[in-house]
Amino acid sequence: MATIKDVARLAGVGLGTASRVVSGKGSVSPATLERVKKAIDELGFRPSHAARALLSGSSRMIGVYIPVLSGTFYTPILQIIDTELRAAGLHMVVAFGVGLGDARRQAVEGIDFLLERGCDGLIVMTSALLEEDIAALGAKSRQLVALNHSFAGIPDQCFMVDHRLGGRLAARALLEHGHRDIAIVAGPASLLDNVERVEGFKAELEESGIDTHTLWVAESDFSPAGGWAAAKALIESGNPCSALFCANDEMAVGALSYFQEAGIRVPHDLSVIGYDDTPSAEFSAPRLTSVRMPWREMTRSGLNALLNRCYDLARPVEHSFPVSVTLRASLAKAGENSKRARRPKAA
């Protein structure tokens, strides 16, 4: 494989001159530029990423930390980031939670991994980090943005969506369809964004005169398996609900799958609404009504803000994002086509 030294030798120039041509920095006469380019073509020279980084002082890489590399939630976010970076001539390096430590330790180690690989900037999407973890990064914290979480030490570098409003809109959609006997499958109580969406959901119900202390509520883990288990527990409890709110789409899809197997028709016997409006919502059976959270807009603005910091760009950045409900087939009016959820028939 040809090296920059080979290019310099063939072109009859110094190593520094060849390096300036490759990096595009510094002045070179037209004749010299032509000789070096000709030598590059003849040798089939392609500078390695490491060589380019040494020449430019920039790795042209952005690191991304997410807690897990599974499911349908993080994949679209990573696709957005990767597409935007490639269009800008940049590259993405991803780290996710691994190891024996708790979520906070995994996040800290993941960030260290990305920094050790020379990433110019970091996108972090986890609620496990504490303020002191960000402060411990020192000057490097200026090249970091946080998605879906807020840190007091870097407020302008944090990008959030309004989960309380999302929860309220989910409840409002059910109320507008006449549902008042409602069950909830929440996500982990340790996750702030889950707490906010459930609190918003309950607040909207309470303002309509519903005693939320009497609601059937289960805590699950944001997974399809968790949604399946919660739906099974709901039906076995005999709770007379006409609608179910799941705090994310993956749990809602798991619940739909259980209801289908148990012979409970959605939305005829029970309406279901999810949260996030991920691709799985659009292609579930029946298609899932879901709160559309503006993950794409939030991600793009956070990335733009980071690229502005790292590469002195002027990309557009917003901090306020619209939240809405996407109505699909899993939601019907109470008292018309729907019956209250019932136990499945014995086999």
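Chains are numbered independently. Their residues run from 1 in the order of the written sequence. In view of the model being predicted, local features appear only for residues whose pLDDT reaches at least 70, and side-chain atom pairs are presented and counted only at 80 or more, with totals across whole chains, interfaces and linings using the full set of residues. Processing note: side-chain calculations cover all non-hydrogen atoms of the structure and skip hydrogens and water entirely.

A. Main features of the pairing of strand β7 (residues 216–219). Burial along β7 is one-sided: the residues W216 and A218 are buried and none of V217 and E219 is. The sheet contact formed by strand β6 (residues 182–186) and β7 spans four bridges and is parallel. From the neighbouring strand, A183 faces β7, where its bridge partner is W216. Orient the strands so they point away from the viewer, and a crossover whose first-strand-to-second-strand path over the helix runs clockwise is right-handed. Helix and strand definitions follow DSSP, with helices as H or I runs of at least four residues and strands as E runs of at least two, each counted in order from the N terminus. A crossover links β6 with its parallel partner β7, the connecting element being helix α9 (residues 192–207), and its sense is right-handed. Summary of the burial criterion: residues with accessible area below 20% of their type's maximum are buried, those above 50% are exposed, and those between are partly exposed, where the area comes from a 1.4 Å probe applied to protein chains only. One bridge is not enough; two strands pair if DSSP finds at least two bridges between them.

B. Spatial organisation of the pattern of salt bridges. A pair is scored as a salt bridge if a Lys or Arg side-chain nitrogen falls within 4 Å of a carboxyl oxygen belonging to Asp or Glu. Here the structure, examined in full by the defined rule, presents 18 salt bridges. The salt bridge partner of R104 is D133, with a shortest N-O separation of 2.9 Å. Here R104, found in helix α6 (residues 103–116), pairs with D133, found in helix α7 (residues 131–135); they are 29 residues apart in sequence, far enough to count as distant. Residue R104 is classed as partly exposed on the basis of its relative accessible area, which comes to 31%. Relative accessible area serves as the criterion here: at 14%, D133 is assigned to the buried category. Members of the salt-bridge network, linked through shared partners, are R168, R172, E204 and E207.

C. Focus on the sheet that holds strand β5 (residues 158–159). If you trace the five strands from one edge of the open sheet to the other, you get β2-β1-β3-β4-β5, paired in parallel fashion. Lying at the two open borders of the sheet, with one neighbouring strand each, are β2 (91–96) and β5. Note that strand β1 (residues 61–66) and strand β3 (residues 121–124) share four bridges and pair parallel. Pairing of V64 across the sheet is with I123, part of β3. Any pair of residues with heavy atoms lying within 4.5 Å of one another is described as a contacting pair. Between the N-to-C directions of two axes lies an angle of 0 to 180 degrees, each axis being a line fitted to C-alpha atoms and, for a helix, fitted only over the stretch in contact. The strands touched by helix α13 (residues 295–311) are β1, β3, β4 (144–147) and β5; relative to β4, the strand with the most contacts, the crossing angle is about 175°.

D. Expanded view of the packing of aromatic side chains. The rule is short: rings of Phe, Tyr and Trp, with Trp giving its six-membered ring, pair when the centres are within 6.5 Å, and they are stacked under 30 degrees, edge-to-face over 60, tilted in between. For the coordinates displayed, the defined rule picks out six aromatic pairs. Among the aromatic residues, those joined into a cluster by ring pairs are F73, Y74 and W295. Positioned over the ring face of Y311 is R60, at 5.1 Å from the centre of the ring. Two conditions define a charge located above a ring, namely a distance within 6 Å from the ring centre to NZ of Lys or CZ of Arg, and an angle within 35 degrees of the ring normal.

E. Structural view of the side chain of T278. In this fold, T278 is placed in the loop between β9 (271–276) and α12 (279–282). For the purposes of these results, a polar contact is taken to be a pair of N or O atoms within 3.5 Å, where, inside protein, one atom must be able to donate a hydrogen and its partner to accept one; residues adjacent in sequence count only when each atom of the pair is a side-chain atom. Polar contacts involving the side chain of T278 include one to the side chain of S280, which spans 2.8 Å. The contact partners of T278, leaving out residues within four places of it in the chain, are T72, F73 and D249.

F. Spatial organisation of the environment of S19. Considering the arrangement of structural elements, one finds S19 in helix α2 (residues 15–23). Given the relative accessible area of 14%, S19 is considered buried. For the pair S19 and V36, spaced 17 residues apart in sequence, the C-alpha separation works out to 9.7 Å.

G. Geometry of the packing of helix α10 (residues 224–237) against helix α11 (residues 249–262). Their axes nearest at 6 Å, the elements α10 and α11 cross at an angle of 50°. Between α10 and α11, the interaxial angle falls into the category oblique. Where α10 crosses over α11, the handedness of that crossing is right-handed. Within the contact between the two elements, α10 uses P224, G227, W228, A231, K232, L234 and I235 and α11 uses E250, M251, G254, A255, S257, Y258, F259 and E261. Along the lines of polarity and charge, the residues of the contact of α10 with α11 split into nine nonpolar, three polar and three charged. Roughly parallel means an angle under 35 degrees; roughly antiparallel, over 145; roughly perpendicular, 65 to 115; everything else is oblique. Crossing handedness is read from the near helix: turned anticlockwise from the far helix by less than a right angle, it gives a left-handed crossing, and turned clockwise, a right-handed one. Under this grouping Gly is polar, as are all residues other than the nonpolar Ala, Val, Leu, Ile, Met, Phe, Trp, Tyr, Cys and Pro and the charged Asp, Glu, Lys and Arg.

H. Expanded view of the packing of helix α1 (residues 4–11) against α2. Contact geometry for α1 and α2: axes closest at 9 Å, N-to-C directions at 110°. In terms of orientation, α1 lies roughly perpendicular with respect to α2. In the packing of α1 onto α2, the handedness of the crossing is right-handed. Between α1 and α2, the residues in contact are I4, K5, V7 and A8 and L15, A18, S19 and V22, respectively.

Nothing here speaks to function; it is all geometry.
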